[in-house]
Structures are given as structure tokens and as C-alpha cells.
Amino acid sequence: MFEHQPFSIGFDIPPDKWLKRFIDSKFCLIIRGDQPGSRSLNRAIRAGCMPLIVSDVLPVFQSLYPKTLQYNDFAVMVQEEDFLVDPIGSLDRAIMLSKPEIEKKLEGLRLMQRIESADQSDSLFVPAFAREVVETMKEKGVGTGPIRSSLCNSRSNATSLM
């Protein structure tokens, strides 16, 4: 029978230790895999670990609330070509940010956490989702005119439905 592999690259790390190390990390490496999207990105956001993304396609195929935040607002991006040429150097250069740059990205990460965490009391999921819908509708010219339905504009219709 097929068994799923543990969720850690270091198979010798117990899940509770892996989770503690993950949560305590300042940066979480997100590398493009066999699919453009990444669950590890969502894990990093929820853990409050700044994503260090090595993928040119992730922002295209897994856009997260692009009307609200851009990837560069809450993550550090590394071009795939730079990483392939010099993996350690490209990562070292990417995390050499000034204190104001880090603080701005951390602010964006905290905002993205509140957007992504629909199950939290201070979640911003619904307002962010609504903004994405409204802004996209505006771009496409949908729903920009006045409502012309007599059902919505008449008191008599409202009382006749009761």
C-alpha cells in the first residue's frame, strides 16, 4: 500500500520540531516545483515567515489579491536564473535588506496573514476578496451603470413580497 512521505525534507526531523523550526525562521525558502503554485507559500505566510521566493512563474500562476498587495510587498523575490548561476550568493544578496525595507515587508506580511487567515477573528479575507471582485469588475466595465431593476427600486414590490 502507498504511504505519503512525511511533510519534511529532513525525514529524521519529528513534525513538532520541524514546525517549531519553521515558525522560528526569519525567511522561508519557496522554490518552484513541478507545479507553478505553492502550498509552502501559504504555510510561510501563516507562520509569519517571510517568503524567499525562487520562482519566476509563481506571481503569474498564483496571484494572491493583486489589487491589494504585490508579492514584493510581503516577500523577497529571487530570479530563477540568478539562483541557478549562484544559489548561495543570490539568496545572500536577496536578504541583504535595509531595516526600513524589512519593516515594510513585515508590515505587508502581517497584512497578508490577516487576508489569508479566514479562520481568525481579525481576518481581512472578506474585505480583500470583495475589493478584488469590485476592482476586477471595474476593469472589465461590468456593473458600472445604475441598477435598473424595478424589484430593487420600488417600495411596493418589497411590501408585496411579504
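Scroll up for the structure.
The text that follows walks through the structure, step by step, so that each part is easy to find. Counting restarts for each chain, with residues numbered from 1 along the sequence as it is written. The model is predicted, so local features are restricted to residues of pLDDT at least 70 and side-chain atom pairs to those at 80 or more, both for listing and for counting; the totals for chains, interfaces and linings are taken over all residues. Side-chain metrics rest on all non-hydrogen atoms present in the structure, leaving aside hydrogens and water.

**So, the state of the cysteines**
Two cysteines whose sulfur atoms are joined by a covalent bond form what is called a disulfide. Defined by distance alone, a disulfide is two cysteine sulfur atoms within 2.5 Å. Scanning the entire structure with this criterion turns up one disulfide. Each sulfur in the disulfide pair cysteine 28 and cysteine 49 lies 2.0 Å from the other. An S-S torsion of about 115° defines the bridge between cysteine 28 and cysteine 49 as right-handed. Placement of the pair is cysteine 28 in strand 1 (residues 27-31) and cysteine 49 in the loop between helix 2 (39-47) and strand 2 (50-54), with a sequence separation of 21 residues. Each residue is assigned to one of three classes by its accessible area relative to the maximum for its type, calculated with a 1.4 Å probe on protein chains only: buried under 20%, partly exposed between the two thresholds, exposed over 50%. For cysteine 28, a relative accessible area of 4% corresponds to the buried category. Elements are defined by DSSP. Helices are runs of H or I of four residues or more, strands are runs of E of two residues or more, and each kind is numbered from the N terminus.

**Observations concerning helix 6 (residues 87-94)**
Considered for burial, the residues of helix 6 that qualify are Gly89, Ser90, Leu91 and Ala94. Contact criterion: two residues are considered in contact whenever any of their non-hydrogen atoms come within 4.5 Å of each other. Where helix 6 is buried, its residues meet strand 1, strand 2, strand 3 (76-78) and helix 5 (80-85).

**Brief notes about the side chain of serine 123**
On the secondary structure map, serine 123 appears in the loop between helix 7 (99-116) and helix 8 (125-140). Reaching out from serine 123, the side chain makes a polar contact with the backbone nitrogen of phenylalanine 125 at a distance of 3.0 Å. If we skip the residues at most four places from it in the chain, serine 123 touches Arg114, Ile115, Ser117 and Ala118. In protein, a polar contact requires one atom able to donate a hydrogen and another able to accept it; more generally it is a pair of N or O atoms within 3.5 Å, and residues adjacent in sequence count only if both atoms are side-chain atoms.

**A look at the sheet that holds strand 1**
Criterion used throughout: strands pair if DSSP finds at least two bridges between them. Here we have three strands laid out as an open sheet, ordered 1-2-3, and parallel in their pairing. On the outer flanks of this sheet lie strand 1 and strand 3, each paired with one strand and no other. Pairwise comparison of adjacent strand axes, ignoring direction, gives a mean angle of 20° for this sheet. Bridging between strand 1 and strand 2 involves five bridges; their strand directions are parallel. The residue bridging cysteine 28 from the neighbouring strand is proline 51, located in strand 2. For every element, the axis is a line fit to its C-alpha atoms; helices are fit only across the contacting stretch, and the angle between N-to-C directions ranges from 0 to 180 degrees.

**Remarks on helix 2**
Of all the positions in helix 2, only Leu41, Ala44 and Ile45 are classed as buried. Along the axis of helix 2, the buried residues cluster in a sector spanning 100°; they form a single face. If you follow the buried residues of helix 2, they end up packed against helix 1 (15-24), strand 1, strand 2, helix 3 (58-61), helix 4 (71-74) and helix 7. Just past helix 2, the residue glycine 48 takes up positive phi, approximately 80°. Note that the arc is defined by the directions from the helix axis to the C-beta atoms.

**What about the packing of aromatic side chains?**
Here a pair means two rings of Phe, Tyr or Trp (six-membered ring of Trp) with centres within 6.5 Å. Their orientation is stacked below 30 degrees between planes, edge-to-face above 60, and tilted elsewhere. What the rule picks out here adds up to two aromatic pairs. Considering the side-chain rings of phenylalanine 125 and phenylalanine 129, the 5.8 Å spacing of their centres and the 20° angle between planes classify their relative orientation as stacked. Taken together, the residues phenylalanine 125 and phenylalanine 129, both in helix 8 and four residues apart, mark about one turn of the helix. Judged by its relative accessible area of 29%, phenylalanine 125 falls in the partly exposed class.

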